[in-house]
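Summary of structural features
This is what each chain is made of:
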Amino acid sequence: MPHDHAHHTQPTYLAEMLDLDAEIFAAALQGVYADIEGLADGPVRSIADLGAGTGTGTFGLLGHFGDAHAVAVDASDEMLAHLRRRAEQMGLSGRVTTLSADLDASVPDVDAVDLAWASASLHHLADPDRTLAALVPTIRPGGLLTVMELDGFPRFVPDGTPGGAAEARAHQLLAADRAHDMPAMGSDWGARLTTAGLIVEQHRAVTVDLTSPVPEAARRLAVLGLARIRGAVVDRLAAGELRAYDALLDGGADDVRHRPDLRVSAERQLWIARRPA
Ligand SMILES: C[S@@+](CC[C@H](N)C(=O)[O-])C[C@H]1O[C@@H](n2cnc3c(N)ncnc32)[C@H](O)[C@@H]1O
């Protein structure tokens, strides 16, 4: 998913994209929750979702761990307000507390939890290693920290079809930007977790590969994502590439809103680490 630099003022389209992303990853995340349950040394009753956004992890984990309470931490009050609204709609308000905190400045002063969860949030931090070290005491001895990080935004247009090469080129340009201004993105989080004093128990890829018929959420995410990425790379696409790219959004035959060959192909990396008992 695209990332905003001014993370304290996330516009609403980002909240919508996070919720769409949650729908697309929902089934794959069930497998992640099962992995956590398998590694936990006891019942998971307390959870901290670090950089919770709209609450994908918070709500997924509360669904899986039926006795748990979660603290959702984020620097964006808009995200936390969105998360609280969702909690109310889902009847989960009694099991979620929100905490507005900038993890660059300090880590939240919460009782040590059974499970800390950080999905697509750590790479935003100015000094992730410093924050990770500071976060260790917020996990109880023997408790777990789960980190999910993304390599890039999902692909929607198959290679070798109209617009596929243009989408790939836009992703390539975006990845080069990220390497420059978000160097922690795509880094070896396993090594960082070990340096922080945690024991990495599991590392695997979490993949989503949806083919026709894709859910409506995928089409909506494709529209929002392609439009957003266009803004970041438009000056650097060659004229032909730009024409092919714009045809994905112009209402014609190749538009992602209705083309039959739309797919979703996305990959995240998952690490589950334990605080030594
Ligand atoms: C890409 S979103 C991921 C949200 C959610 N974890 C998910 O997987 O859908 C990153 C989140 O991290 C939050 N964030 C970024 N920098 C932060 C910081 N320094 N302290 C706390 N939260 C931060 C942003 O506000 C945003 O909600």
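Being a predicted model, the structure only gives us computed values, none of them experimental. (Residues numbered from 1 in each chain as written. Predicted model: local features only at pLDDT ≥ 70, side-chain atom pairs only at ≥ 80, totals over all residues. Heavy atoms only, no water.)

Observations regarding the pairing of strand β1 (residues 46-50)
Of all five residues that make up β1, four are buried, and the element is covered over most of its length. With helix α2 (residues 56-64) bridging β1 and the parallel strand β2 (residues 69-74), this β-α-β connection has right-handed handedness. Relative to strand β4 (residues 113-119), β1 is paired through three bridges, and the arrangement is parallel. Paired with Ala48 across the two strands is Ala116, which belongs to β4. (Buried < 20%, exposed > 50% of the residue type's maximum accessible area, 1.4 Å probe, protein only. Helix = DSSP H or I, 4+ residues; strand = E, 2+ residues; numbered from the N terminus. Right-handed = clockwise from strand over helix to strand, strands pointing away. Pairing = 2+ DSSP bridges.)

Some points on the side chain of Arg155
One can find Arg155 in the loop between β5 (139-150) and α5 (164-181). Of note is the side chain of Arg155, whose polar atom sits 3.0 Å from the backbone oxygen of Val157. For Arg155, the side chain forms a polar contact with the side chain of Asp159, separated by 2.9 Å. Residues within four places of Arg155 in sequence aside, it is in contact with Gly164, Glu167, Ala168, His171, Arg263, Val264 and Ser265. (Polar contact = N/O pair within 3.5 Å; in protein donor to acceptor, adjacent residues only side chain to side chain. Contact = heavy atoms within 4.5 Å.)

Brief notes about the packing of helix α1 (residues 12-39) against helix α7 (residues 216-233)
When two helices pack together, you describe them by how their axes are tilted relative to each other and by the distance separating the axes. At a closest axis distance of 9 Å, the pairing of α1 and α7 adopts a crossing angle of 140°. In terms of their interaxial angle, α1 and α7 are classed as oblique. Crossing angle aside, the handedness with which α1 passes α7 is left-handed. Of the residues in α7, those touching α1 at Tyr13, Glu16, Met17, Leu20, Asp21, Glu23 and Ile24 are Ala217, Ala218, Arg220, Leu221, Leu224, Gly225 and Arg228. For the contact of α1 with α7, a count of residues per class yields eight nonpolar, one polar and five charged. (Axes fitted to C-alpha atoms, helices over the stretch in contact; angles between N-to-C directions. Parallel < 35°, antiparallel > 145°, perpendicular 65-115°, else oblique. Left-handed = near helix turned anticlockwise from the far one by under 90°. Nonpolar A, V, L, I, M, F, W, Y, C, P; charged D, E, K, R; others polar.)

Things to note about the environment of Arg259
With respect to the element layout, Arg259 can be found in the loop between α8 (239-246) and β7 (264-274). Judged by relative accessible area, Arg259 falls into the buried class, the value being 2%. Sequence-wise, Arg259 and Val110 are 149 residues apart; in three dimensions their C-alpha atoms are separated by 48 Å. Aside from chain neighbours lying at most four places away, what touches Arg259 is Val157, Pro158, Thr161, Pro162, Arg219, Leu248, Ala253 and Asp254. A distance of 2.7 Å separates polar atoms of two side chains, one belonging to Arg259 and the other to Asp261.

Some words on the UniProt feature "domain: Methyltransferase" (unreviewed entry) in the protein chain
Per the UniProt annotation, the sites labelled "domain: Methyltransferase" (unreviewed entry) are residues 47-143. In residues 47-143, helix accounts for 31% and strand for 28%; the two terminal C-alpha atoms are 10 Å from one another. (UniProt positions renumbered as here; feature names shortened; annotations may be inferred.)

With respect to the pairing of β5
Burial within β5 is extensive, with ten of its twelve residues counted as buried. In the sheet, β4 pairs with β5 via six bridges, with the strands oriented parallel. Within the sheet, the bridge partner assigned to Trp117 lies in β5 and is Thr146. Viewed along the sheet, the connection from β4 through helix α4 (residues 128-135) into β5 turns out right-handed. Pairing geometry for β5 and β7, over seven bridges, is antiparallel. Opposite Val147, over in β7, you have Trp271 as the bridge partner.

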